Structure formats: C-alpha cells, structure tokens
Amino acid sequence: MIAETPRSSLLQMVRSQIEARGLRDRRVLEAMLTVDRAEFVPASEKAYAYDDRPLPIGAGQTISQPYMVALMTAELELKGDERVLEIGTGCGYQTAILARLAREVWTIEVVPELVMDAWHTLERLGLSNIRFHVGDGTLGWPDESLFDRILGTAAAPDIPSPWIEELADPGVALLPIGPLGSQRLLKVTLRDGELTRREFCPCSFVLMRGRHGF
Ligand code: SAH
C-alpha cells in the first residue's frame, strides 16, 4: 500500500486506476503520486485531470492515460542512474515521471509550442535534469547517445532504426507501434549484443510523424 498522503483525488487515481490493475512497482507508484497530473492539463481540462483516459493538450495531441504512463514507466525498469531518451514530450507529464526515476532525461518534441509549455511546467516543478529538443525524434539524438532507455509516446510503424543504434547495451526501448485502431506496445531489449522483441498490451496513441513515423 502507498504510505504518502497527497491530494485525495490524486491518491484515488493512483489506487483505483493503477494499483487496482495490478501495477505494484513502488517507485513508479510514488512518482505517480508526487507528480500531479493536474499541473499538466490545460485550464479547460482541469476538471478531468484525474480521469482514466487521455485528455487533449492542444495542437491535436493528448496527455496519455495515467495507467499507460505508469505501465510504460514500469516496463523501463528504472533504477535511478539511467540516461533516458523520450520522444514525444507533449505536455511533459511522462517526462516528469521519468525525471524523478532516472538520472537524466533528453526529450524531443516536434511541435514547438508544446515544448515551451512543457518547459515552463517542468521548470516550475523544479525538475532540472531534463534537456529539451524541438525536432523529429524518430531520428533520435545522436550527439547525446548512447541511452540506457528510449521511450516513444506516439505510435510508429515499427521501432525507428536510429533508436536501435542509439541504445546502450544493456538497454531497453519501448514504444507503441501500429496504425490507429490496432496498436500494441513493443519492448525491445538489448543485452550482450542480442536484441529481443516483445509485443504486448493493445493501446491507443496519437501517430508519430517524421522520417520513421507514419
Ligand atoms: N508524453 C506525453 C504524450 C504526448 S502525445 C504525455 O505524457 O502527455 C505524443 C507526442 O508526440 C505529441 O506531443 C506529438 O506532437 C509528439 N510527436 C509526434 N511525432 C513526433 C516526432 N517525430 N518527434 C517528436 N515528437 C513527436
């Protein structure tokens, strides 16, 4: 059970949507309780900040469902000393969770105005271990590679090949793949030079644009 006592609606969100679905990773649950989703949604969506669904954040994009953020974070198996690359900053909610659980986060977003809003929010929350880039994240961030973890938060046809080149060994990359209506999470693990792929969990994400996107 969770020991902390944050705002009751946030606590209720974590208990009923995440713990109750069987996600028990203590560090992930604590991060979900520490980062208040309400800080990241636009004023018009505040009343729905703890809803069990994605919400619009402008520019036709969405903040992911809380459970999906928790599940993807848990699958990254962060211990605290990792360099993480995130593609699809959006409003910065997932970025904040990663920043609390890893050493440093590099995040790429293709829509400039979303990056500005995310930067302001994350700055206000005092998270200083995040580097931002505006551009096509399907190309990765070659100058800063290798990364211990790579997380995509929009759906691509398959894992973009630059991400494999930029993944450390051992390393984990995770992203949704597939067109609208038939997406699954793909987890790619690199260990001792060997890549393994696992597809699981039907899901629904906005589409990744760019060179290796849709
Ligand atoms: N991580 C966000 C979810 C954002 S939705 C959250 O926690 O709320 C996915 C985001 O990916 C959108 O903001 C979209 O603009 C962005 N995106 C799509 N294609 C991209 C690309 N090629 N490079 C970087 N970002 C991209």
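Computed from a predicted structure; not experimentally measured. (Residues numbered from 1 in each chain as written. Predicted model: local features only at pLDDT ≥ 70, side-chain atom pairs only at ≥ 80, totals over all residues. Heavy atoms only, no water.)

**Topic: unusual backbone geometry**
Thought 1: The omega torsion of the bond from serine 145 to leucine 146 falls at 15 degrees, within 30 degrees of zero and hence cis.
Thought 2: Between aspartate 169 and proline 170 the backbone carries a cis peptide bond, its omega angle lying at 5 degrees.
Thought 3: Within the element layout of this structure, proline 170 appears in strand 7 (residues 167–177).
Thought 4: A positive phi is found at glutamate 77, a non-glycine position, where the angle reads about 50 degrees.
Thought 5: When you line up the elements, glutamate 77 lands in the loop between helix 3 (66–75) and strand 3 (83–87).
Thought 6: Within the chain, aspartate 192 stands out as a residue other than glycine whose phi angle is a positive 50 degrees.
Thought 7: Assessed through its relative accessible area of 72%, aspartate 192 is described here as exposed. (Helix = DSSP H or I, 4+ residues; strand = E, 2+ residues; numbered from the N terminus. Buried < 20%, exposed > 50% of the residue type's maximum accessible area, 1.4 Å probe, protein only.)

**A look at the sheet that holds strand 6 (residues 147–152)**
Thought 1: Taken in spatial order, the seven strands line up as 5-4-3-6-7-8-9 in an open sheet, and their pairing is mixed. Each edge of the sheet is formed by a strand with only one pairing partner; in this case those strands are strand 5 (130–134) and strand 9 (194–203). Ignoring strand direction, the axes of neighbouring strands in this sheet form an average angle of 15 degrees.
Thought 2: As judged from the five bridges shared by strand 4 (residues 104–109) and strand 5, these two strands associate in the parallel manner. Across the sheet, the residue bridging to glutamate 109 is valine 134, located in strand 5.
Thought 3: Sheet strands touched by helix 5 (residues 112–124): strand 4 and strand 5. Its angle to strand 5, the strand with the most contacts, is close to 165 degrees. (Pairing = 2+ DSSP bridges. Axes fitted to C-alpha atoms, helices over the stretch in contact; angles between N-to-C directions. Contact = heavy atoms within 4.5 Å.)

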